[in-house]
Amino acid sequence: MQLSSLLTESDLTGYISKNLSDLWEGTPLQGYKWLDNKQKGAYGEAVAEKLCLSLGLKVTHRINSDHDMVVNRYKTEIKFSIAQTNKQKTGINKDVFMMNHVGVGKDYDRLLFIGINPKFEESRIVWFDKKDIKKIINNKDYFGYQQGGNNAENDDYMSGSARLMRLINSKYARTLQQW
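All of these numbers come straight from a predicted model, not from anything done at the bench.

Focus: the overall build of the chain
- Looking only at helices and strands, the chain has 6 helices and 8 strands in total.
- Shown N-terminal to C-terminal, the secondary structure of the chain runs as helices and strands in the order α-α-α-β-β-β-β-β-β-α-β-α-β-α.
- Taken along its principal axes, the extent of the C-alpha atoms in the chain is 60 × 40 × 30 Å.
- Here the chain holds 179 residues, and 38% of them are scored as buried.
- Counted over contacts in the chain with a minimum sequence separation of 6, partners at least 24 positions apart contribute 53%.
- As presented, the chain carries roughly 10,700 Å² of accessible surface, and 49% of it is formed by carbon and sulfur atoms.
- Computed over 26 positive and 21 negative side-chain charges, the separation of the two mean positions in the chain equals 5 Å.

Quick look at the structure:
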């Protein structure tokens, strides 16, 4: 059998069709899932900038590539996530986010996390002081290694799902009103 015949079989074409659904369709985030990681990052930074400006904070361009912007003179790293879909891809799970590529060797003062829920007013927007991130980065309740797993022990961490919600609800999280 030729490859072209295999690729047209209904179970394979159906698999692709099933995974093309966008559960954010009809919302301002429709199509977000199709962006590549760099585009998602740029979008998150644009949301963060508009959000900070709307609260009267002063936003300027970054000083170097270790952070995304400067907010009221604080070098700020932005992490943005929209709530993830469930395993069946039939619904969006409230408060299930990912925060990737957090490091303590990078040049930032504050980390701003924006997690968007299906009901926008239930979204999670918090920030963390880098001093606190340094204290808790190896706390497995909040973070795990991103690249290479535990054996690599490099400065690249992630937090997601239950870990990230514990972090968001921890004493280390602050609101934008506390900026």
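Continuing now.
A look at the pattern of salt bridges
- Applying the stated criterion across every chain, the model contains 6 salt bridges.
- For Arg 124, the salt bridge is made with Asp 95, and the minimal N-O distance between the two is 2.7 Å. Placement of Arg 124 in strand β6 (residues 124–129) and of Asp 95 in the loop between β3 (74–82) and β4 (98–102) is noted, with a sequence separation of 29 residues between them.
- For Asp 95, a relative accessible area of 13% gives the class buried.
- Of the charged contacts, one joins Arg 174 and Asp 132 as a salt bridge, the two residues approaching to 3.3 Å between their closest N and O atoms. A residue pair is termed long-range when its members are at least 10 positions apart, and Arg 174 in the segment after α6 (161–168) and Asp 132 in helix α4 (residues 130–136) qualify at 42 residues.
- Given the relative accessible area of 9%, Asp 132 is considered buried.
- Among the charged side chains, a salt-bridge network with shared partners connects Asp 132, Lys 135 and Arg 174.

Each value, and the rule that gives it
- Residues numbered from 1 in each chain as written.
- Predicted model: local features only at pLDDT ≥ 70, side-chain atom pairs only at ≥ 80, totals over all residues.
- Heavy atoms only, no water.
- Helix = DSSP H or I, 4+ residues; strand = E, 2+ residues; numbered from the N terminus.
- Buried < 20%, exposed > 50% of the residue type's maximum accessible area, 1.4 Å probe, protein only.
- Contact = heavy atoms within 4.5 Å.
- Areas by Shrake-Rupley, 256 points an atom, 1.4 Å probe, with all protein chains shown as cover.
- Lys, Arg positive; Asp, Glu negative; His and termini not counted.
- Charge placed at Lys NZ, Arg CZ, Asp CG, Glu CD.
- Salt bridge = Lys/Arg side-chain N within 4 Å of Asp/Glu carboxyl O.

Just geometry here; none of it tells us what the structure is for.
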